[in-house]
Structures are given as structure tokens and as C-alpha cells.
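# Results of the structural survey
Chain by chain, the residues run as shown.
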Amino acid sequence: MFPNSIVRTRTGLYRLYSTLKAQHVEINGVKYTTNPKICNVTDSIINLTDKALHLKESHPVGILRDLIEKKLNSIDKSFKTFNNFRPVVTTMENFDSLGFPKDHPGRSKSDTYYINETHLLRTHTSAHELECFQRIKNNIDGSKAGFLISADVYRRDEIDKTHYPVFHQMEGATIWKRTEAKDGSKEPTHIVKIRDDIKSVEDQLKKENVKITVSDDTLPLKEDNPKQEYMTDLEVDLCSQHLKRSIELVVSEVFNKKITSMVESKSNDIPKQLKVRWINAYFPWTAPSWEIEVWWQGEWLELCGCGLIRQDVLLKAGYKPSETIGWAFGLGLDRIAMLLFEIPDIRLLWTSDERFLKQFSKGSISSFKPYSKHPGSFRDVAFWLPMDKPDVHQVHENDLMEIIRNIAGDLVESVKLVDDFTHPKTGRKSLCYRINYQSMDRNLTNAEVNALQDTVCSKLVEEYGVRLR
Ligand code: FA5
Ligand code: MG
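Note that the structure is predicted; figures quoted are calculated from it, not measured.

Among the nonpolar cores identified, the biggest contains 109 residues, and Phe-133 and Phe-329 are the most heavily contacted of them. Summarising the domain contributions, this core has at least three residues from each of domain 1 (19-48 + 92-121) and domain 2 (53-87 + 124-357). Counting 25 residues, the second largest nonpolar core, distinct from the first, contains Phe-383, Ile-435, Leu-444 and Val-466.

Structure below.
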């Protein structure tokens, strides 16, 4: 995967790039022509594109997906599910259709896996929102429609116990068709309908054993998180209530399931109440936008981003102006699954070890019992960044992570910056990263770890022209 070719860079200097010999990659049976200047997908990532853990009904991620789908559809079955979208999407789907500005950091090569200028591995399930809005268009005749999309998403990121370059999201949306009040004194039918829908969700919430305590200081709306012009204050208020209660229902269901399983296993620190909070957020395709966090074992855990869908997205999907209002959310499945099933390291979700997989079964929340703990082995890599051409050779941390991941794969548990030093006289900068090599399935030998570390060091020199210390 890493034959070398020399490519001219922006500054006119030459840099050694890792490019693909065949100038194409095959993902889910489809061949894509790569652009060597842009392409940063690697074999180790491509190998994960057909795993679809969210579809495995006895896998923690699949069990959780099923649980949430069932709960949301327990009220009126209004959510159509889409769980088979492939991970390669266009920049149009992932960014443009959602109104991402051209210079949005999410588009950068350091954060996103690109195949060429137009194709990438989706960074979120929102990439399929536009298509799903189109596909449920005919369902809205009955005044309300919705969808749920679950899929694997890809982001270049750091390496530790809670970060992996692939994770899973569930996207949800609900829309209502607007109506006019027939006689001036009565409320329009869609307002009555949304009020009823809120009541149904609230009734479900009341049935949960442990009630959630919600704090929300995002209301009333402020200038930095404004409503859209085309919606009335009442519509914004009702849609937001329906959105927030629906997500609270999901959170409540999931954590109540966990509490029940803790009670059964006579666990000591069973929470007596569930605290969640709403905070303001920003997403280019929703306004206003929020995130929900849950207080779990001493910290706030971010679960989900959401908001009221911008009219632009609905217009692009073919809805008539001002015809439709609604909301959307995007929820991370992996971290909730780790917490529910007590999985200590995110890499475990990807293992094919039967000792892991055999512990879970469809529809049940159980606690993972570690089958072994193999010791880790630390190695430091310290290097000087090149002085002469800093703009060309600056090592982005995610590039370094990617190099290590490609060499050591799931044998690397974490990579941490432990020293960052700038020489006071020369201005030269040096970095030191500590790599923890550790396998989840077996003991690693010293020789094996040394060989991995040597390869990492030479790759850094070769790719970035760093000088090892
Ligand atoms: C999004 O991805 C938006 N698409 C969500 C959205 C959808 C907003 C629809 C509005 C309307 P964000 O990057 O915050 O937002 O990710 C959403 C959730 O995915 C987070 O709350 C978190 O639970 C999860 N998540 C994000 N990054 C990671 C990661 N590296 N590892 C595991 N889970 C993650
Ligand atoms: Mg977020």
C-alpha cells in the first residue's frame, strides 16, 4: 500500500508521498480512482468498511441500535429505518448538502478520509439526511413522517481507549406537514397534532422506572442560537419540545436498562437518579441546535447533537417552501455501548475473539467480563521537526496517529504527547510521543514491540523528514 512517489507540493518543494500503486481502491466491491495528492484511506481502514457491527444482532453496537429503534418506534411506528448505506459518499452528500462552508475544518484532510476530490468515507450519518428526506416524502401525507439511519462513520483521530477511527451513529428525524387554520379561532391541525405527539412521548417517559432530571438553560433562545424566520415561535417551541422529549426517552430507556441490569447483578454504585442537561450547539444544517449530555460516573458524557432542520435542506430534498417543519438528531452508539456493556477499551468492539463475542446476545444488556489482561509495553519516540521547511513538513497529530495505526494496528492501545519543547536559541521544536503497545488477546514479545517501534521511527523520518532524538 505504500510505494513511494514524489509529488510537487503547494510551496514548490518536493515531498515523498505514500500513494497507491494501482491508483485505485476497492471498497464494498466498488472500484474508485484515487487522487494520490488527496487520498489518505489506508488498508487498515478499508478492512473495516464491511464489518457493519450495527447490523450484528448479538454485538453490543447492534443490540443498542435495535433497542433504540424499538423504543422510538413504540409510539406510532413513524420512523422508517435505513441501515444499509455504504460508507463511501460524495463531498456533496457529506458537506455541501448540509450547508458546510467551503473552509469548515471538518472538511480538512487531517480529519477526514478522502479517496479523491469528490469521494470520502462519511464522517457522520447526516450525509444521508437529504436522500432520506427525499425517500420519506410520500409518507408525510398522513401529516407526520420520520427516519432512522444507522451506520459506521469515519474520522481521523487520536488513539486511546475511547477513540477509534471508525464508530457508529444513529441519525433520526421527524417532519410535520404544515396546515392553515381553517377558521381563525382554532389552531391549525399540525399544531394540534404536534401537541398530541408530545403528549405521547411524555406518557412513555412517565413509564420509565428511574426518572431523568433534566436541566435546560438553553431557553429562551438567545441570539447566538437563533430560530429560523419561516417558523413561528409556537412551532419552534413545540418542535423543540418533541425533539427534546424524544431524545430524553432514548436516554432514559438505555440508562434504565443499564440500571436494571446493575440491580440484577447486585452492583454497588447504582445511580438513584439520572441527570441530563441540554447545552447550545452549532450545526450548519439545523437552527436552533443543541447537544445533550448525561452525568455518568462523575462526568458529563456527550451523547447526541440535534436541532430543527434548516429549510434549505428540505427545499433541496424537494419539499415546497414553508410546507414542512421538523427536527433531526445524530447519536453516537459506541460510547453508550461501552458504558452499557462495561467494555473498557473501544478496540474490543472490533475484535473477532470468540471470548468477547460469545458474551452477548440479542436484546440483552449484560456486563462484559474481561477474559484476560495482557500487559502493555511503552516506547517513546522523540524527534526534531524539520526547521528548514516547516510549512511543508509539519506533522499533524492525526497523520502521526495514522502512521502508527498502519504499522501496529490494534496492537496499539494509546499514543500520547508527553513532551513538547522549543529550543530557546534556535527556535527548533521537538516532540515526544509515548506509544503503549498492548494486545487484547495475547502477550507481545519485546522483540515484536521493538520491531514495530523501529518501523514507526523510520516511517516518520521517511514521510516527514523529522530527525530522531
Ligand atoms: C455530528 O456528527 C452531527 N452529524 C450530529 C447531528 C445530526 C446534529 C443531526 C444535528 C442534526 P458530532 O460530531 O457532535 O455531531 O457527533 C455526534 C455524536 O457522535 C456525539 O455526540 C458523540 O456521541 C458521537 N461521537 C462523536 N465523535 C466520536 C468519536 N470520536 N468516538 C465515538 N463517538 C463519537
Ligand atoms: Mg459534538
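With that settled, consider the domain arrangement of the protein. Per the domain assignment, the segments of the protein are domain 1 (19-48 + 92-121), domain 2 (53-87 + 124-357) and domain 3 (374-469). Inter-centroid distance (C-alpha atoms) of domain 2 to domain 3 is 38 Å. Across the contact, 15 residues belong to domain 2 and 14 residues belong to domain 3. Between domain 2 and domain 3, a total of about 1,400 Å² is buried, with carbon and sulfur atoms accounting for 45% of that surface. On the domain 2 side of the contact with domain 3, Arg-156, Ile-159 and Arg-347 bury the most area, a combined 55% of that side's loss. Counting across the interface, domain 2 meets domain 3 through 2 salt bridges. Between Arg-156 and Asp-399 there is a salt bridge, with its nearest N and O atoms 2.8 Å apart. Residues belonging to the side of domain 2 that touches domain 3 are distributed by class as follows: 5 nonpolar, 1 polar and 9 charged.

So, on to the environment of Glu-323. When you line up the elements, Glu-323 lands in the loop between helix 7 (311-316) and strand 14 (324-332). Each C-alpha atom of the pair Glu-323 and Gln-311 lies 9.4 Å from the other, and the pair is 12 residues apart in sequence.

Attention shifts here to the coordination of the magnesium ion (ligand 2). Protein coordination of the magnesium ion (ligand 2) is provided by Glu-291 (OE) and Glu-302 (OE), with donor distances spanning 2.3 to 2.4 Å. Remark: Glu-302 occurs in strand 13 (residues 299-309) and Glu-291 occurs in strand 12 (residues 286-296); sequence separation between them is 11 residues. Taking relative accessible area as the criterion, Glu-291 reaches 15% and is therefore assigned buried. With a relative accessible area of 43%, Glu-302 lands in the partly exposed category.

Conventions and cut-offs
- Residues numbered from 1 in each chain as written.
- Chains lettered and ligands numbered in written order.
- Predicted model: local features only at pLDDT ≥ 70, side-chain atom pairs only at ≥ 80, totals over all residues.
- Heavy atoms only, no water.
- Core = buried A, V, L, I, M, F, W, Y, C linked by side-chain atoms within 4.5 Å.
- Buried < 20%, exposed > 50% of the residue type's maximum accessible area, 1.4 Å probe, protein only.
- Domains from an automatic or database assignment.
- Contact = heavy atoms within 4.5 Å.
- Buried area = accessible area lost by both parts, 1.4 Å probe.
- Salt bridge = Lys/Arg side-chain N within 4 Å of Asp/Glu carboxyl O.
- Nonpolar A, V, L, I, M, F, W, Y, C, P; charged D, E, K, R; others polar.
- Helix = DSSP H or I, 4+ residues; strand = E, 2+ residues; numbered from the N terminus.
- Donors = N, O, S within 2.8 Å, 3.2 Å for Na, K, Ca; no water.

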